[in-house]
Amino acid sequence: MGKTLFDKVWDQHIVTTIENGPQVLYIDKHLIHEVTSPQAFKELENRNISLFRPKQIVATADHNTPTKDQHLPVKDLLSKNQLEQLSENCKKNNIELYGLGHKYNGIVHVIAPELGITQPGMTMVCGDSHTSTHGAFGTIAFGIGTSQVAQVFASQCVITEKPKTMRISVNGSLANGVLPKDVILYIIAKLGTNSGTGYFIEYAGDVFENMTMEGRMTVCNMSIEMGARGGMIAPDETTYKYIIGRKFSPKDEELKNKIQYWESLKTDKNAVFDAEYSFDAEDIAPMITYGTNPGMGIKITETIPSTKNDSFEKSLLYMGFEKGDSLINKPINYVFIGSCTNSRIEDFRVAANYIKGKQKAKNVQALIVPGSQLVAKQIKEEGLQDIFENAGFELRQPGCSACLAMNDDKIPEGEYCVSTSNRNFEGRQGQGSRTLLASPLVAASVAVEGRIVDISKTN
Ligand SMILES: CC(C)[C@H](C(=O)O)[C@@H](O)C(=O)O
Ligand code: SF4
């Protein structure tokens, strides 16, 4: 029987298999940030264990960082503490840190790919659920808990059960204005937020083959919102082109050899998955969520379904929506374009292209938060900054920002925010805030119109 992409990468990294039990998996890259690393460092210190391979670890500060005046001392005490702890821990343990203000600083899932740290065929972990993003490169990448962070510090391995495999194919071509974010919101709306539990997903078919790396990252990022351990896309020419020339990318002979190896990773024709789904690209349209989990999504022109169950009704109550409502023309006062789902240069190009020559609506506060310093630099160099600022959008400094509102970027109670992030849980963007997930194009159109509009009827 043939092997899947997932099996090939997994099998290459098995250190040992415990009989009738889990496996010990070698981890090539361990990414860390300020929120989930402190207790792990403490645990090692308490047990007097040193870090096994500090050179395999890369650290950044992203969740707590302010998006204004990053050159000034951080005002929030808890954040300041966590950031200082990260710096100290990295210094003590010889870990490369791209801290606040560093030219490579940014959201962990944005910086590793753009620096060429993320490469096909690797295993990567981070104490963060959206580590699944890196699967876009044909990498087994998954989030781990704090105790596992300590385990990886000590051994560069994790002990884990091998997940089952699922393939989701989308064939055909996407209509204009339908973005990778719409594809993944559509898939989650169709399959539900528990459909991926216990699985690693491979996305296959025309739509993903024709997608840019930025788009593939958006899709893999949200695999976790289906409950999956992670998502992957087979490496191909698009992947290699993206990787070539980046700071930590392999070069010359090494690159040639690696590409040869990466080519061998594609799923074999006769490989069998534990579960398979397929969709037609033509059925996908611009999406928006109306509820409090990412699976509660509809095409922007559809009405809220009349599902009868308590949690559905509770969710609508929180959102202030009714069954059968259309979201078109609902006034929106906040728009957030950012987060590890949609804060790469391509996302801002799409938004800027729509916004160019227009003005944001008076009622809207529109935040543009780049995923990294490098993206921020590109925004400036490509003239997107002028487009955003002339249109009345606020361009901030990089970080997680309003995606989870651990810093000052909070959406006020009761307000709606059309957001390009990945989670619309109750209070996610600030206490009492109400999040509607959408693509950067939909978000841009809402900022300009001050209400939800059918993107296919505006330009
Ligand atoms: C803070 C961190 C542990 C968390 C995660 O794991 O996803 C955060 O990044 C999120 O998006 O909710
Ligand atoms: S941007 Fe949001 S989803 Fe991504 S790592 Fe930060 S908080 Fe988590």
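Starting from 1, residues in each chain are numbered consecutively following that chain's sequence as written. Naming scheme: in the order in which they are written, chains are lettered from A and ligands are numbered from 1. Side-chain atom pairs in this predicted model are given and counted only at pLDDT of 80 or more, local residue features only at pLDDT of at least 70, and totals for whole chains, interfaces and linings cover all residues.

Engineer: Can you tell me about the pairing of strand S10 (residues 199-204), naming the residues and giving the values?
Structural biologist: By the criterion of burial, S10 is predominantly enclosed, with 6 of the 6 residues buried. Any residue surrounded by 20 or more other C-beta atoms within 10 Å of its C-beta is treated as buried, while 12 or fewer makes it exposed and the intermediate range makes it partly exposed; C-beta atoms here are placed from the backbone. Segments assigned H or I by DSSP are reported as helices when at least four residues long, segments assigned E as strands when at least two residues long, and all are numbered from the N terminus. Because side chains alternate across S10, one face comprises the buried residues Tyr199, Ile201 and Tyr203, and the other comprises Phe200, Glu202 and Ala204, equally buried. Pairing geometry for strand S9 (residues 164-171) and S10, over 6 bridges, is parallel. By the bridge assignment, Met166 is partnered in S10 with Ile201. In the classification by handedness, the crossover that spans S9, the intervening helix H6 (residues 180-191) and the parallel S10 is right-handed. Inspection of the sheet shows S10 paired to strand S11 (residues 230-232) by 3 bridges, in the parallel sense. Across the sheet, the residue bridging to Phe200 is Gly230, located in S11. A pair of strands is labelled paired if DSSP reports no fewer than 2 bridges between them. For crossovers, right-handed means that the path from the first strand over the helix to the second runs clockwise, given strands pointing away from the viewer.

Engineer: So, the site of ligand 2: which residues are in play, and what are the values?
Structural biologist: Every one of the 13 residues lining ligand 2 counts as a neighbour, but Ser339, Cys340, Cys400, Cys403 and Leu404 are closest to it. Only Asp, Glu, Lys and Arg are considered charged, only Ala, Val, Leu, Ile, Met, Phe, Trp, Tyr, Cys and Pro nonpolar, and every remaining residue, Gly among them, polar. For the shell around ligand 2, a count of residues per class yields 5 nonpolar, 6 polar and 2 charged. Domain borders in the structure are assigned automatically or taken from a domain database. Counting residues domain by domain, the shell around ligand 2 receives three or more from each of domain 1 (5-160) and domain 3 (289-457). Each residue receives a C-beta atom placed from its backbone. It is near a molecule or strand if this atom lies within 6 Å of it.

Engineer: I'd like to hear about the confidence of the model for the protein, residue by residue, with values.
Structural biologist: Per-residue confidence for the protein gives a mean pLDDT of 97, with 100% of residues at or over 70. This prediction of the complex comes with two scores: 0.98 for pTM and 0.99 for ipTM. On a range of 0 to 100, pLDDT expresses the predictor's confidence in each residue.

Engineer: Mind laying out the sheet that holds strand S8 (residues 157-160), listing which residues take part and the relevant values?
Structural biologist: Pairing is antiparallel across the open sheet formed by 3 strands, whose spatial order is S1-S2-S8. Each edge of the open sheet is held by one strand with a lone partner, namely strand S1 (14-17) and S8. With strand direction ignored, the average angle separating the axes of adjacent strands in the sheet is 20 degrees. The sheet contact formed by S1 and strand S2 (residues 23-26) spans 3 bridges and is antiparallel. In the strand pairing of S2, Thr17 is matched with Gln23. Between the N-to-C directions of two axes lies an angle of 0 to 180 degrees, each axis being a line fitted to C-alpha atoms and, for a helix, fitted only over the stretch in contact.

Engineer: How would you summarise the environment of Pro294 if you had to cite specific residues and measurements?
Structural biologist: Among the structural elements, Pro294 can be located in the loop between strand S13 (287-289) and strand S14 (297-299). Expressed as a C-alpha distance, the spacing of Pro294 and Phe279, which sit 15 residues apart in the sequence, is 18 Å. Contacts of Pro294, omitting those with residues within four sequence positions, involve Ile188, Thr193, Met222, Glu225, Thr289, Asn422, Arg423, Asn424 and Leu437. Contact definition: two residues whose C-beta atoms, as placed from backbone geometry, lie within 7 Å.

Engineer: Could you give an account of the UniProt feature "binding site: [4Fe-4S] cluster" (unreviewed entry) in the protein, with specific residues and numbers?
Structural biologist: Here, UniProt's "binding site: [4Fe-4S] cluster" (unreviewed entry) annotation points to Cys340, Cys400 and Cys403. Sequence-wise these annotated residues cover 64 residues; spatially they are packed, their C-alpha atoms never more than 8.7 Å apart. Along the chain, Cys340 turns up in the loop between strand S15 (334-337) and helix H12 (345-355). Note on placement: Cys400 falls in the loop between strand S17 (394-395) and strand S18 (416-419). With 31 C-beta atoms packed within 10 Å, Cys400 lands in the buried category. Residues within four places of Cys400 in sequence aside, it is in contact with Asp62, His63, Ile107, Ser339 and Met406. UniProt positions are given in the numbering used here, feature names are shortened, and annotations may be inferred rather than shown by experiment.

Engineer: Any chance you could break down the domain arrangement of the protein for me, citing the residues and the numbers?
Structural biologist: Partitioning the protein into domains gives domain 1 (5-160), domain 2 (164-283) and domain 3 (289-457). Domain 1 puts 21 residues into the contact, and the matching count from domain 3 is 21 residues. For the side of domain 1 that touches domain 3, the element with the most residues is helix H4 (residues 108-114), which contributes 4 residues. For the side of domain 1 that touches domain 3, the residue count by class is 5 nonpolar, 11 polar and 5 charged.

Engineer: Describe the site of ligand 1, naming the residues involved and giving the relevant values.
Structural biologist: In the vicinity of ligand 1, the contacting residues are Val35, Thr36, His63, Asp128, Ser129, His130, Gly143 and Leu404. Here the residues of the shell around ligand 1 sort into 2 nonpolar, 5 polar and 1 charged.

Engineer: Describe in detail the environment of Gln148, supporting the description with residues and values.
Structural biologist: Take Gln148: it is sitting in helix H5 (residues 146-155). Assessed through the 20 C-beta atoms surrounding it within 10 Å, Gln148 is described here as buried. Put simply, Gln148 and Asn46 are 102 residues apart on the chain and 16 Å apart in space, counted from C-alpha to C-alpha.

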